[in-house]
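Working through the structure, step by step
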Amino acid sequence: MKTFFKCLVVCILFASCSKIEINDDPVIGIWQHNVKTATNSNKMTVDKEEWIFNDVYLGRFHGYNGEEVTFLTDFRWTVEDDIYTISYPGTDFPDDKVKMVASENGTYLVRVTGSNFATKQN
């Protein structure tokens, strides 16, 4: 009977192990956007924005003034029908909806409204 339970435990352990899905979405990486100095509602000035996308549909946003980080927050991202939605939980930032565009000059994220969002860094 003990042997049966040992075999059962081993079978359950092997059956419950799942394969980790690999996310190789091309958005993963660092994206930057240089802006003419902008000030948000909290009077924080930024001249460069940076999004770091990771493979578990999360990321980190940095707002820079010169080389100093003046704002940072986490974000979530999803992709559906080639449209990436970036949301910033815990902030009053609106969601960003962007598409990826590749050209001979680089890879860009462009808002669905047509304006530039960010450029992929190597």
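Preceding this paragraph is the structure being described.
Please read these numbers as outputs of a predicted model, since none were measured by experiment.

**Looking at unusual backbone geometry**
- Non-glycine residue D81 carries a positive phi angle of around 55°.
- As for its position among the elements, D81 is in the loop between strand 4 (68–80) and strand 5 (83–87).

**Observations concerning the pairing of strand 8 (residues 116–120)**
- Looking at chain direction, strand 7 (residues 106–111) and strand 8 are connected through 3 bridges and run antiparallel. Each bridged residue has a counterpart across the sheet, and for L109 the counterpart in strand 8 is A118.
- Hairpin connection between strand 7 and strand 8: a loop of 4 residues separates the two successive antiparallel strands, and G114 in this loop has a positive phi of roughly 110°.

**Description of the packing of aromatic side chains**
- Using the criterion set out here, one finds 12 aromatic pairs in the structure.
- A ring pair is formed by F53 and F75, whose centres lie 4.9 Å apart and whose planes are at 70°; its orientation type is edge-to-face. Of this pair, F53 sits in strand 2 (residues 45–53) while F75 sits in strand 4; the two residues are 22 residues apart in sequence, bridging distant segments of the chain. F75 shares its class with F53; the two are buried.
- With a centroid separation of 4.7 Å and 45° between ring planes, the pair formed by Y57 and W77 is classed as tilted. Of this pair, Y57 sits in the loop between strand 2 and strand 3 (58–65) while W77 sits in strand 4, placing them 20 residues apart in sequence.
- Site record: aromatic cluster; members linked through ring pairs are W51, F53, Y57, F61, F71, F75, W77, Y84, Y88, F93 and F117.
- Positioned over the ring face of Y64 is K48, at 4.6 Å from the centre of the ring.

**As for the nonpolar core**
- Counting residues in hydrophobic clusters, the biggest one holds 15 residues, and the most contacted among them are W51, F53, F75 and F117.
- Secondary structure elements with two or more residues in this core: strand 2, strand 4, strand 5 and strand 8.
- Among the elements that line this core, the one with the most residues is strand 4, at 3 residues.

**Some words on the pattern of salt bridges**
- Tallied over the full model, the rule gives 2 salt bridges.
- Put simply, R60 and D74 hold a salt bridge, and the shortest N to O gap is 2.6 Å. Linking R60 in strand 3 with D74 in strand 4, this pair joins segments that are 14 residues apart in sequence.
- Since its relative accessible area comes to 35%, R60 is described here as partly exposed.
- Residue classification places D74 among the partly exposed residues on the basis of a relative accessible area of 40%.

**A word on the environment of G90**
- Turning to its location among the elements, G90 is positioned in the loop between strand 5 and strand 6 (96–103).
- Sequence separation between G90 and F75 is 15 residues, and the spatial gap between their C-alpha atoms is 9.3 Å.

How each quantity is defined
- Residues numbered from 1 in each chain as written.
- Predicted model: local features only at pLDDT ≥ 70, side-chain atom pairs only at ≥ 80, totals over all residues.
- Heavy atoms only, no water.
- Helix = DSSP H or I, 4+ residues; strand = E, 2+ residues; numbered from the N terminus.
- Pairing = 2+ DSSP bridges.
- Phe/Tyr/Trp six-rings, centres within 6.5 Å; stacked < 30°, edge-to-face > 60°.
- Buried < 20%, exposed > 50% of the residue type's maximum accessible area, 1.4 Å probe, protein only.
- Lys NZ or Arg CZ within 6 Å of the ring centre and 35° of its normal.
- Core = buried A, V, L, I, M, F, W, Y, C linked by side-chain atoms within 4.5 Å.
- Salt bridge = Lys/Arg side-chain N within 4 Å of Asp/Glu carboxyl O.

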